[in-house]
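# Summary of structural features
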Amino acid sequence: AIKNSLIISVSTTIVSLITGMLGSYAFSRLKFRGKGGLLMSFLVAQMRPAISLVIPMFFILKKFGLSDTKIGLVLVYISFVLPYVIWVLTNYFNTISKDLEAAAQIDGCTRLGAFFRIIVPTAGPGFVAVGVLSFLMSWDEFLYALILINSQGHKTIPVAISEFNGQFGLDYGMMMAGGFVATILPLALAMVFQRWIAMGMTAGAVKE
């Protein structure tokens, strides 16, 4: 279960960060019709109750042959992690001066080259903060994993811990032990990236 959670959470985080940083850069720097409404829709998507999408997700995955698979669960997780990544990184990119990109383009960089050479290194703390929080969102998710995964070999750790609750009793010892094991990795991430998370979450909080 720990291995499954790790694979699913890492895959979700990587895909969401790669696609999210490009999308959020477009929202931050480009001008196009409906940008404000589309960006607001990502925030609205975060507010919807997860239970309302379980049945549609189930039938969609079943139609494409992805039910009860890690890939299917990763796609479902991306559907709610990616809007969060785009919303946060868009506001983070807004705090980075456009003069840095202009200087890079004067020196011969394309817009995409300036993005990867200037913006991405500058936004390092933001990527770390959003990446860690995206990983935790995937690691802790329970409802979709419970409904969409049936086979024992694909279950994630929150679902595995919940199975210690039997029909005739509750194994508190095993649940506490499983909960402790499941907390080790998130706690280690928080301790290792504590400084980066603080920098990423507070950047742009004060305007001068």
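Preceding this paragraph is the structure being described.
First, a word on what this report is: a plain description of the structure on this page.

Cut-offs and rules
Residues numbered from 1 in each chain as written. Predicted model: local features only at pLDDT ≥ 70, side-chain atom pairs only at ≥ 80, totals over all residues. Heavy atoms only, no water. Helix = DSSP H or I, 4+ residues; strand = E, 2+ residues; numbered from the N terminus. Buried < 20%, exposed > 50% of the residue type's maximum accessible area, 1.4 Å probe, protein only. Contact = heavy atoms within 4.5 Å. Areas by Shrake-Rupley, 256 points an atom, 1.4 Å probe, with all protein chains shown as cover. Lys, Arg positive; Asp, Glu negative; His and termini not counted. Charge placed at Lys NZ, Arg CZ, Asp CG, Glu CD. Phe/Tyr/Trp six-rings, centres within 6.5 Å; stacked < 30°, edge-to-face > 60°. Core = buried A, V, L, I, M, F, W, Y, C linked by side-chain atoms within 4.5 Å. Salt bridge = Lys/Arg side-chain N within 4 Å of Asp/Glu carboxyl O. Polar contact = N/O pair within 3.5 Å; in protein donor to acceptor, adjacent residues only side chain to side chain. Axes fitted to C-alpha atoms, helices over the stretch in contact; angles between N-to-C directions. Parallel < 35°, antiparallel > 145°, perpendicular 65-115°, else oblique. Left-handed = near helix turned anticlockwise from the far one by under 90°. Nonpolar A, V, L, I, M, F, W, Y, C, P; charged D, E, K, R; others polar.

What follows covers the overall build of the chain. Across its full length, the chain carries eleven helices and zero strands. Ordered by position from N to C terminus, the α and β elements of the chain give α-α-α-α-α-α-α-α-α-α-α. Judged by the C-alpha coordinates and their principal axes, the chain covers about 70 × 40 × 30 Å. When each of the 208 residues of the chain is scored for burial, the buried share is 36%. In the chain, the proportion of contacts linking residues at least 24 apart, taken out of those at least 6 apart, comes to 79%. As presented, the chain carries roughly 11,900 Å² of accessible surface, and 70% of it is formed by carbon and sulfur atoms. Side chains of the chain carry 15 positive and 9 negative charges; the gap between the two charge centres is 10 Å.

This brings us to the packing of aromatic side chains. All chains considered together, the criterion is met by eleven aromatic pairs. Plain terms: the ring middles of Phe58 and Phe59 are 5.6 Å apart, the flat faces sit at 80 degrees to each other, and that makes the pair edge-to-face. Among the residues examined, Phe58 registers a relative accessible area of 28% and is labelled partly exposed. Summarising the aromatic geometry, the rings of Phe93 and Phe115 are spaced 6.2 Å apart at their centres and angled 80 degrees between planes, so their arrangement reads as edge-to-face. Remark: Phe115 occurs in helix α6 (residues 111-122) and Phe93 occurs in helix α4 (residues 70-94); sequence separation between them is 22 residues. Through a chain of ring-to-ring contacts, the aromatic side chains of Tyr25, Phe93, Phe115, Phe116 and Phe127 assemble into a single cluster.

Turning to the nonpolar core, a few remarks are in order. In this structure, Leu73, Tyr77, Phe93 and Tyr144 are the most contacted members of the largest nonpolar core, which totals 30 residues. Those residues within four positions of Tyr77 in sequence are excluded, and the remaining contacts are Ile8, Thr12, Ser138, Glu141, Tyr144 and Ala145. Residues Trp139, Ile157, Ile161 and Ala182 belong to the second largest nonpolar core, which totals six residues.

Let us look at the pattern of salt bridges. Pairing is possible between side chains that carry opposite charge, provided their charged atoms lie close to one another. By the definition in use, this model includes two salt bridges. One salt bridge connects Glu101 with Arg29, and the closest N-O pair in it is separated by 2.5 Å. Taken as a pair, Glu101 in helix α5 (residues 98-106) and Arg29 in helix α1 (residues 2-29) lie far apart in primary sequence, 72 residues in all. Residue Glu101 is classed as buried on the basis of its relative accessible area, which comes to 4%. On the accessibility criterion, Arg29 (12% relative accessible area) is buried.

One can find Thr90 in helix α4. Reaching out from Thr90, the side chain makes a polar contact with the backbone oxygen of Ile86 at a distance of 2.6 Å. Setting aside chain neighbours within four positions, we find Thr90 in contact with Ser24, Phe27, Ser28 and Leu39.

Here we come to the environment of Leu136. Looking at the secondary structure, you find Leu136 in helix α7 (residues 124-140). Here Leu136 falls in the partly exposed class, since its relative accessible area comes to 21%. Put simply, Leu136 and Val10 are 126 residues apart on the chain and 9.8 Å apart in space, counted from C-alpha to C-alpha.

When two helices pack together, their arrangement is given by the angle between the helix axes and the distance between those axes. In the contact formed by α1 and α7, the axes pass within 8 Å of each other and the chain directions differ by 140 degrees. Of the possible angle classes, the one that applies to α1 and α7 is oblique. Regarding α1 and α7, the two cross each other, and that crossing is right-handed. When α1 is examined against α7, the residues Ile2, Ser5, Leu6, Ser9, Val10, Thr12, Thr13, Leu17 and Met21 are found in contact with a partner set consisting of Phe127, Val130, Gly131, Ser134, Phe135, Ser138 and Trp139. Grouping the amino acids of the contact of α1 with α7 by side-chain chemistry returns nine nonpolar, seven polar and no charged.

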